[in-house]
Amino acid sequence: MRPVARSAIATGLVLLVSQSGVAAETDQGAQLAATCASCHRLDGGGTGIPSIIGLGEERLTNALLAYRASESSNHIMHVIALSLSDEEIASVARYVAKQGSNPR
Amino acid sequence: MKSWTRREFGRLTGAALLTALNQPKARGQAKARVVVVGGGIGGATVAKYLASSATAVDVTLVEPRQSYTTCFFSNLYLAGRRPFESLGHGYEALARQYGITVIHESAAAIHPAAKTVALNNGSKLSYDRLVVAPGIAFRDRALEGYDDAAMEIMPHAWNAGQQTRLLRQQLESMEDGGLFVLVAPPNPFRCPPAPYERASLVASYFQRRKPKAKILILDAKDSFNAQDLFQDAWNRHYPGMIEWLPAQFTGGVTAIDAKTRSMITAGGTFKAAVANVIPAQMAGRLAQQAGLANRSGWCPVDPVTFESALQPGVHLVGDAIIGGDMPKSAFCANSQAKACAFAIAADLTGSARFPAHLFNTCYTYLAPDDAFSNAISFKPVDGKLKSVISFVSKVEESSEVRRQAARAAEGWYDAFTHDVFG
């Protein structure tokens, strides 16, 4: 579990960064999340493809680790997750957890 | 006009750097200029990701059309399963939300030495970096007799738009019992599963409205993408309706007679009620004229930055490039475009570089409620884009799994077009 205070600071930083528009050039998570956006809407909208918005960093991290470990639940996510290192999974989960209309 | 070099940028530190990154448009003189020619999936994605990730870059998108019609999902329209309008996407959000200058003009010529692009209206654009996303053109004289006039009688419908509507009109007015002939192109071509998805979805339309109609695929190849999945589905959904003739049986189609709607092969002449002729392809005309394509007809690029191997300062993405193991698909174009945008941003602003991740994902319809998917990851190895891991749906999957994939595909279309144009 992440300390509440650290999470709040991180949220503030990411919001600042997304508003100033420099997120993707400074943040590996933002560049990795560009791959997510090819199938998942990052504004929380959309149907048919499960939403990844509002899940929180820990759930996103665990989901990516599970997809990486096994093909059984979804072969598309298995291929995506297999290409990611532990560090990349942490960084994209951190970024995506902050997206959407009600970032945590 | 001065462009940023990385060394100049590196001299700035701390607060100065933040100020530089957030310079208002009025100080545009100091900004690097990127011109993107071609507003299809690759070009629009590069423009959006550059504009949203690098504030020190001015992005101009040159695209003659007011609205882009997606090739993907146009087979559902051909089958009467989707309105034509649902395939169209405008450029308003790219201009309004991302500050991209959208110019609805055709590019007449590229001058890499002078770093300018001449437009058809006589104006000229200067750039620090140019991105060309020209899509495909049809090879000259690939099929004797298949000229502009013949295309209005036997449409290719391989650039979506008026051609797609024409093919739909012809399918609708065809009599029950008629023969629909689809001429499938040689490799490499735009969207490897698409001719066979088209045959599948047209069959689903015939089954409902013209059950005595037949479909004949005259292929330039002896095998095709996901062949086991398609042939299994054709037997299950449309028994006896679709016949596939590989090149080894006919020698392939060599000529077209538009007057009689006939396809001429060494193995005989085939006369159609409706014909869809998809010719052999190459990189779009602008790439050919600008010396961006090599003798293969396609454009060699650096697999990390997507910079042309023939013209420095010019980048290419999408169907026009020699993509190694990456197929010519909208998904690949989108994936390459993001890697290209981040590489250009890093070059122009000196920002951090991270390893690119390149993927292809395809949802392909076998019937309106039966779709399969695949996923492939790629990475640059020895100057080429190599596939790393690949998974595809299996023939023995349950109908429930396939129904779910068909539903996911609808959601994918919404999210993907939002990613490119939203």
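Given the structure is predicted, the values throughout are model-derived calculations rather than measurements.

K.L.:
Would you take a moment to explain the interface of chain A and chain B for this structure?
P.N.:
It is common to give the size of an interface as the accessible area that goes away when the parts come together. Facing 29 residues of chain A, the contacting portion of chain B comprises 37 residues. When residues of the side of chain A that touches chain B are traced back to their parent elements, those giving at least two are helix H2 (23-26), helix H3 (28-36) and helix H5 (75-82) of chain A. With 6 residues, the top contributor of residues to the side of chain A that touches chain B is H5 of chain A. Split by residue class, the side of chain A that touches chain B holds 12 nonpolar, 14 polar and 3 charged.

K.L.:
Is there a simple way to explain the nonpolar core in this structure?
P.N.:
Grouped burial of nonpolar side chains is what soluble globular proteins tend to show. Residue and element names in this part refer to chain B. Core analysis: the largest hydrophobic core is formed by 158 residues, its most contacted members being Val36, Val46, Leu50, Cys299 and Leu316. If you tally residues by element for this core, the top one is helix H12 (residues 330-349), at 12 residues. The two domains that each donate at least three residues to this core are domain 1 (6-137 + 282-353) and domain 2 (140-279). If we skip the residues at most four places from it in the chain, Val36 touches Gly43, Val46, Ala47, Val59, Thr60, Leu61, Val62, Val131 and Ala133.

K.L.:
Honestly, the sheet that holds strand E14 (residues 253-257) of chain B in this entry has me stumped. Any pointers?
P.N.:
Hydrogen bonds along the backbone pair up the strands of a sheet, which may run parallel or antiparallel. Residue and element names in this part refer to chain B. Strand order in the open sheet formed by 3 strands is E14-E15-E16, with antiparallel pairing between adjacent strands. Single-partner strands in this sheet number two, and they are E14 and strand E16 (268-271). Geometrically, the sheet is characterised by an average inter-axis angle of 25° between neighbouring strands, direction not taken into account. Note that E14 and strand E15 (residues 262-265) share 4 bridges and pair antiparallel.

K.L.:
Can you walk me through the domain arrangement of chain B in this structure?
P.N.:
Residues and elements named next belong to chain B. Split into domains, chain B comes out as domain 1 (6-137 + 282-353) and domain 2 (140-279). Look at where the C-alpha atoms of domain 1 and domain 2 centre, and you get two points 33 Å apart. Domain 1 puts 17 residues into the contact, and the matching count from domain 2 is 19 residues. Among the elements that take part in the side of domain 1 that touches domain 2, helix H4 (residues 74-78) stands out by supplying 5 residues, more than any other. Residues that form the side of domain 1 that touches domain 2 fall into these classes: 9 nonpolar, 6 polar and 2 charged.

K.L.:
Honestly, the UniProt feature "domain: FAD/NAD(P)-binding" (unreviewed entry) in chain B in this entry has me stumped. Any pointers?
P.N.:
If you check UniProt for "domain: FAD/NAD(P)-binding" (unreviewed entry), the listed places come out as residues 33-147 of chain B in our numbering. End C-alpha to end C-alpha, residues 33-147 of chain B measures 39 Å, and it is 22% helix and 34% strand.

K.L.:
Any chance you could explain the UniProt feature "domain: Flavocytochrome c sulphide dehydrogenase flavin-binding" (unreviewed entry) in chain B here in plain terms?
P.N.:
Residues annotated by UniProt as "domain: Flavocytochrome c sulphide dehydrogenase flavin-binding" (unreviewed entry) correspond here to residues 357-421 of chain B. Span residues 357-421 of chain B is 35% helix and 48% strand, its end C-alpha atoms 21 Å apart.

About the cut-offs
Residues numbered from 1 in each chain as written. Chains lettered and ligands numbered in written order. Predicted model: local features only at pLDDT ≥ 70, side-chain atom pairs only at ≥ 80, totals over all residues. Contact = placed C-beta atoms within 7 Å. Helix = DSSP H or I, 4+ residues; strand = E, 2+ residues; numbered from the N terminus. Nonpolar A, V, L, I, M, F, W, Y, C, P; charged D, E, K, R; others polar. Core = buried A, V, L, I, M, F, W, Y, C linked by C-beta atoms within 7 Å. Buried ≥ 20, exposed ≤ 12 C-beta atoms within 10 Å, placed from the backbone. Domains from an automatic or database assignment. Pairing = 2+ DSSP bridges. Axes fitted to C-alpha atoms, helices over the stretch in contact; angles between N-to-C directions. UniProt positions renumbered as here; feature names shortened; annotations may be inferred.

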